[in-house]
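# Observations on the three-dimensional arrangement
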Amino acid sequence: MSPPIAPVGWSRWLVPPAALSIHLSIGQAYAWSVFKPPLEDALGLSGTQSALPFQLGIVMLGLSAAFGGTLVERRGPRWAMTVALVCFSSGFLISALGAATQQFWLIVLGYGFVGGIGLGIGYISPVSTLIKWFPDRPGMATGIAIMGFGGGALIASPWSAQMLESFGSDSKGIALAFLVHGLSYAVFMLLGVLLVRVPRPRTEEQRANGSPATAAGPQVSARQALRTPQFWLLWVVLCMNVTAGIGILEKAAPMITDFFADTSTPVSVTAAAGFVALLSAANMAGRIGWSSTSDLIGRKNIYRVYLGAGTLMYALIALVGDSSKPLFVLCALVILSFYGGGFATIPAYLKDLFGTYQVGAIHGRLLTAWSTAGVLGPLIVNWIADRQEEAGKDGADLYGTSLLIMMGLLVIGFVANELVRPVHPSHHLGDVTAQKGAPDVRQQQSESA
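Residues numbered from 1 in each chain as written. Predicted model: local features only at pLDDT ≥ 70, side-chain atom pairs only at ≥ 80, totals over all residues. Heavy atoms only, no water.

### Quick look at the overall build of the protein
Check the secondary structure of the protein and you find 19 helices and two strands. Relative to a compact globule of 449 residues, whose C-alpha radius of gyration would be 22 Å, the protein shows 22 Å and is just as compact. In terms of overall dimensions, the protein has C-alpha extents of about 70 × 45 × 30 Å along its principal axes. Among the 449 residues that make up the protein, the fraction classed as buried is 57%. In the protein, once contacts between residues fewer than 6 apart in sequence are set aside, the share between residues at least 24 apart is 84%. Roughly 16,700 Å² of accessible area belongs to the protein as shown, and the carbon and sulfur atoms make up 65% of that amount. Each charge class in the protein can be summarised by its mean position, and for the 27 positive and 23 negative side chains these summaries are 14 Å apart. (Helix = DSSP H or I, 4+ residues; strand = E, 2+ residues; numbered from the N terminus. Rg over C-alpha atoms; globule rule 2.2 N^0.38 Å. Buried < 20%, exposed > 50% of the residue type's maximum accessible area, 1.4 Å probe, protein only. Contact = heavy atoms within 4.5 Å. Areas by Shrake-Rupley, 256 points an atom, 1.4 Å probe, with all protein chains shown as cover. Lys, Arg positive; Asp, Glu negative; His and termini not counted. Charge placed at Lys NZ, Arg CZ, Asp CG, Glu CD.)

What follows is the structure in structure tokens.
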């Protein structure tokens, strides 16, 4: 399947909707916490066990993005979106079979392994294409698309809760909900497959007239990027920011219920699902809002906000979160906006440091940080909560230690971000415009991070 080249006059503003159709679909992963309590009741699972499909999905997201990044660059966005459609929808269908037969391993295999591959390939499928279409505003462009991944749960959370209410929260009801998800997302993702286009190559006349290239600045290959300290510093930054956010997100519904279970205003199941939807809205808004802001104030400065202010928000939840429901919700919303903003800003940060030559492949490799965080975040929160419950604790006491750990991780990320500097010219490619099969770029001095 060759990359579809845009015809003359094609509007670049048609590309973000194509990306959104993929990201809004695979963003359902952030609504997994809605399925956790029904699965635990229907199949007799612990909180740690019910997190396994989500955790494996995030692991496979990072691994498939890392190993498939170069292939996505070579085969183009339409091929990648098609692979994402097949894997993500198939994952739900396998999970439906697992729920219907009460075989939890099938749910882990379907949602986590097969669906996780769809998550990874789908996530990176539009990134380099968008940066090529919007070289003037890379933060905004990737923010628009990646906004969809954060906003997917805004649709999926209430939709899933309504299906479980209609079909029932037993194993058969869960199976029907998975089946409807798989078929519906297949249709919606097909819109992106049909709509996506790549920019037309610059003509000799455009080059002779000195029209701007779609990519400029330092150009570093994916293989060479792995040899730079900048790549690994950003790996730490992303891993720490994601671990701190994903721990709350994966356990959002049970967490807010536990925090206020012993108060005069306990949180109902419906309200908890609404809280998940609110977090999704903050996640989505942060992806477009904060990433667009990074075009104005710079990537390093915006990550200072994510990591520094995020530490303060966690401190407030740990100290007084269980005494004020509005404060708890507000802090969680801010944390999730930073979490989403971090994802949307990282492709533009990579473009600033490494150029657009193989930014999609570099981005894919960096997402192994997400795989690591996808295990660490839920494991920290769920394992500690389970141990605290066994010790006879309840309510907000289940999460105190987890919150302190998250604060420490954000501080580590803040330090790593401070150490980022422009990539040394020894890692730059030469005039890659002359290389066979390379995109049209011009060598310039490295921008300041």
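What follows continues from the structure just given.
### Observations concerning the packing of helix α18 (residues 368-390) against helix α19 (residues 400-418)
Two elements in contact, α18 and α19, have axes whose closest approach is 9 Å; the angle formed by their N-to-C orientations is 155 degrees. Viewed along their axes, α18 and α19 adopt a mutual orientation that is roughly antiparallel. The interaxial crossing formed by α18 with α19 has right-handed handedness. Residue-level contacts link G377, I380, V381, I384 and Q388 of α18 to T401, S402, I405, M406 and L409 of α19. Here the contact of α18 with α19 is built from residues that sort into six nonpolar, four polar and no charged. (Axes fitted to C-alpha atoms, helices over the stretch in contact; angles between N-to-C directions. Parallel < 35°, antiparallel > 145°, perpendicular 65-115°, else oblique. Left-handed = near helix turned anticlockwise from the far one by under 90°. Nonpolar A, V, L, I, M, F, W, Y, C, P; charged D, E, K, R; others polar.)

### Section: a negative patch on the surface
Judged by side-chain charge, D262, D322, E389, D394 and D397 come together as a negatively charged surface patch. With respect to the helices, strands and loops of the structure, D397 is situated in the loop between α18 and α19. (Patch = residues over 30% accessible without salt bridge, like charges linked within 9 Å, V, L, I, M, F, W, Y side chains within 5 Å. Salt bridge = Lys/Arg side-chain N within 4 Å of Asp/Glu carboxyl O.)

### Focus on the packing of aromatic side chains
A full pass over the atoms with the stated rule returns 28 aromatic pairs. Centre to centre, the rings of F35 and F178 are 4.9 Å apart; their planes meet at 35 degrees, and the pair counts as tilted. Of this pair, F35 sits in the loop between α1 (15-26) and α2 (36-43) while F178 sits in helix α9 (residues 171-195), placing them 143 residues apart in sequence. Of the two residues, F35 and F178, both sit in the buried class. Of the aromatic side chains, those joined through ring pairs into one cluster are W32, F35, F88, F92, Y111, W159, F178 and Y185. A cation over an aromatic ring shows up here: K325 above the ring of F260, its NZ or CZ 5.6 Å from the ring centre. (Phe/Tyr/Trp six-rings, centres within 6.5 Å; stacked < 30°, edge-to-face > 60°. Lys NZ or Arg CZ within 6 Å of the ring centre and 35° of its normal.)

### A look at the side chain of Q230
Considering the arrangement of structural elements, one finds Q230 in helix α12 (residues 229-250). Here the side chain of Q230 touches R421 through a polar contact of 2.9 Å, landing on its backbone oxygen. Apart from residues no more than four positions distant in its own chain, Q230 is found in contact with L353, F354, V420, R421, P422, V423 and H424. (Polar contact = N/O pair within 3.5 Å; in protein donor to acceptor, adjacent residues only side chain to side chain.)

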